[in-house]
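Spelled out from the first residue to the last, the chains are:
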Amino acid sequence: MLIGELSRRTGVSTRLLRYYEAQGLLEARRGPNGYRAYDEEAVATVRKVRALLAGGLSTEVIRVVLPCTGEDGTAFDWCADIRDLMRRELAATDARIDDLHRRRTTLAGYLEGS
């Protein structure tokens, strides 16, 4: 299928699909005319990428874990080192949450003092 069809079937813009390809998350063949051609599996791949992005993972991390994802992108076939990588991502997310909570407390204190 061409990129426009993949875009229609996934609800993801063609620009974003090209970005996914550039990041190594999505593969396309090039026809003799230079157009991108995707196989049927690309629809599932885009949906997995979207699910992993929604989980807060970067495209760099997604590139590593994508081959280990189940059908919908929410289950894993725990490939080597994926569990450790996901634990590190969770710890980084927890640290960002703690930092945001400290910032919120500071801002609330400014408002209370005014």
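Because the structure is a prediction, the values reported are computed rather than measured. (Residues numbered from 1 in each chain as written. Predicted model: local features only at pLDDT ≥ 70, side-chain atom pairs only at ≥ 80, totals over all residues. Heavy atoms only, no water.)

A. Quick peek at the packing of aromatic side chains. This model, assessed by the stated rule, comprises 1 aromatic pair. With a centroid separation of 6.4 Å and an interplanar angle of 55°, the aromatic rings of Tyr 19 and Tyr 20 are classed as tilted. The exposure class of Tyr 20 is buried, given its relative accessible area of 1%. (Phe/Tyr/Trp six-rings, centres within 6.5 Å; stacked < 30°, edge-to-face > 60°. Buried < 20%, exposed > 50% of the residue type's maximum accessible area, 1.4 Å probe, protein only.)

B. Spatial organisation of the packing of helix α1 (residues 3-10) against helix α3 (residues 41-54). It is at 10 Å that the axes of α1 and α3 come closest, and there the two elements cross at 50°. Regarding the angle of α1 to α3, the classification is oblique. Along this stretch, α1 crosses α3, giving a crossing that reads as right-handed. Packed against α1, whose contacting residues are Leu 6, Arg 9 and Thr 10, the element α3 presents Ala 42, Val 43, Val 46 and Arg 47 at the interface. (Axes fitted to C-alpha atoms, helices over the stretch in contact; angles between N-to-C directions. Helix = DSSP H or I, 4+ residues; strand = E, 2+ residues; numbered from the N terminus. Parallel < 35°, antiparallel > 145°, perpendicular 65-115°, else oblique. Left-handed = near helix turned anticlockwise from the far one by under 90°. Contact = heavy atoms within 4.5 Å.)

C. Just α1, in detail. Buried within α1 are the following residues: Ile 3, Leu 6, Ser 7 and Thr 10. The buried residues of α1 all sit within an arc of 100° when viewed along its axis, so they share a single face. Those residues of α1 hidden inside the fold are in contact with α2 (14-22), β2 (36-37) and α3. Positioned one or two residues after α1, Gly 11 has a phi angle of 75°, which is positive. (Arc of directions from axis to C-beta.)

D. Examining the environment of Arg 104 more closely. Tracing the sequence through the fold places Arg 104 in helix α5 (residues 82-112). In this structure, the C-alpha to C-alpha distance between Arg 104 and Leu 66, residues 38 residues apart in sequence, is 34 Å.

E. Seen up close, the pattern of salt bridges. Enumeration over the complete set of coordinates arrives at 6 salt bridges. A network of salt bridges, in which partner residues are shared, links Asp 99, Arg 102 and Arg 103. (Salt bridge = Lys/Arg side-chain N within 4 Å of Asp/Glu carboxyl O.)

Interpretation note: all reported values are geometric properties and have no functional meaning in isolation.
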